[in-house]
Amino acid sequence: MVRGAKRTAAIGLVAAVGLVGPAFGAQTGGLAAPVGVGRLAVAATLGYVERDVEDGDRDEVSSRRMLFRAQAGLADGLDLYGVLGFADADFRDGSFSGSLRGAAALGAKYGLLSDEASGFRLVLDGQAEYAESKDGGEKVRQQTYAVSVYALKEIGAAGKVGYFYPYGGLRLSYARFDGKGGVDDYTGEDYLGLFAGADYFVNPNVFFTGEVHLFDATTIYLGVGHRF
């Protein structure tokens, strides 16, 4: 990778994290691999997330989400993606049970290493997410920053039926929940987590995607998408 492309990749990751305020973290895959210069992938995803939080006392917050994602290849190995959709928040202690409201995320992924012979790739991903949930006059604003490093293995011929890539790696995340109208403020209790998933193409363009997170949050995402 030439020096100029590396500089562009670094700027893209910083911009993605900086444009959204300091959400539990959007899906990393769907697609996990960079799509390639000038290409686009879109996906619709359903997810469920649980995260331990604290404000002096421990609690747990869960969230259902319906998300729509677009990912575009801007340079060799560099993609930017955006997510729009709906999310809620529900605290285990019963202090808040909010409705589905708007959620958004921005992110970037950069291929650090690639071995075409083996199909192995090492990818860096940075993202920031914001969401709101409302319960009467009470409101919770959910915010997350996350940086992930993961490996993926391409199996099958790209663009062919049955082509897929499983992936997995480490995720460092910071989550904050700002309460309004009497709801307490919380921060995520754990920061370091593991995640794994797979993107599977049923034909050269249509794919299914799934992903799970552990330790920093307990998360499952399932979706379907199209690569152009």
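Every value quoted in this text rests on a predicted model; they were computed, and no experiment measured them.

Attention shifts here to the overall build of the protein chain. Summing up its helical and strand segments, the protein chain has one helix and 12 strands in all. Going from the N terminus to the C terminus, the protein chain shows its helices and strands as α-β-β-β-β-β-β-β-β-β-β-β-β. Within the span of the protein chain, comprising 228 residues, buried residues form 46% of the whole. Carbon and sulfur atoms make up 62% of the accessible area of the protein chain, which amounts to about 10100 Å² in all.

Moving on, we come to the pattern of salt bridges. Throughout the structure, instances matching the rule amount to 13 salt bridges. Between arginine 171 and aspartate 216 there is a salt bridge, with its nearest N and O atoms 2.4 Å apart. Of this pair, arginine 171 sits in strand E8 (residues 164-180) while aspartate 216 sits in the loop between strand E11 (206-214) and strand E12 (218-227), and the two are 45 residues apart along the sequence. This pair shows no difference in class: arginine 171 is buried, exactly as aspartate 216 is. Within the structure, one salt-bridge network assembled from shared partners comprises Arg101, Glu132, Lys139 and Arg141.

This part covers the packing of aromatic side chains. Under the criterion given, the structure shown has nine aromatic pairs. Aromatic pair phenylalanine 164 and tyrosine 200: ring centres 5.9 Å apart, planes at 55 degrees, arrangement tilted. One end of the pair, phenylalanine 164, is in strand E8; the other, tyrosine 200, is in strand E10 (residues 192-201), with 36 residues separating them in the sequence. Judged by relative accessible area, tyrosine 200 falls into the partly exposed class, the value being 36%. Among the aromatic residues, those joined into a ring-pair cluster are Phe91, Phe96, Phe177 and Tyr186. Above the ring of tyrosine 81, the side-chain terminus of arginine 69 is found at 4.0 Å from the ring centroid.

We now examine the confidence of the model for the protein chain. When the pLDDT values of the protein chain are averaged, the result is 86; 86% of them are 70 or greater. The lowest-confidence element of the protein chain is helix H1 (residues 3-18), averaging 43 in pLDDT; the highest-confidence one is strand E3 (residues 78-87), averaging 96. pLDDT under 50 marks residues 5-23. Its contacts with residues more than four places away, or in other chains, come to 41 contacts.

Secondary-structure assignment places glutamate 60 in strand E2 (residues 58-75). For glutamate 60, a relative accessible area of 18% gives the class buried. Dropping the residues within four chain positions of it, glutamate 60 is found in contact with Glu50, Arg51, Asp52, Val53, Asp90, Phe91 and Arg92.

Rules behind the numbers
- Residues numbered from 1 in each chain as written.
- Predicted model: local features only at pLDDT ≥ 70, side-chain atom pairs only at ≥ 80, totals over all residues.
- Heavy atoms only, no water.
- Helix = DSSP H or I, 4+ residues; strand = E, 2+ residues; numbered from the N terminus.
- Buried < 20%, exposed > 50% of the residue type's maximum accessible area, 1.4 Å probe, protein only.
- Areas by Shrake-Rupley, 256 points an atom, 1.4 Å probe, with all protein chains shown as cover.
- Salt bridge = Lys/Arg side-chain N within 4 Å of Asp/Glu carboxyl O.
- Phe/Tyr/Trp six-rings, centres within 6.5 Å; stacked < 30°, edge-to-face > 60°.
- Lys NZ or Arg CZ within 6 Å of the ring centre and 35° of its normal.
- pLDDT = per-residue confidence, 0-100.
- Contact = heavy atoms within 4.5 Å.

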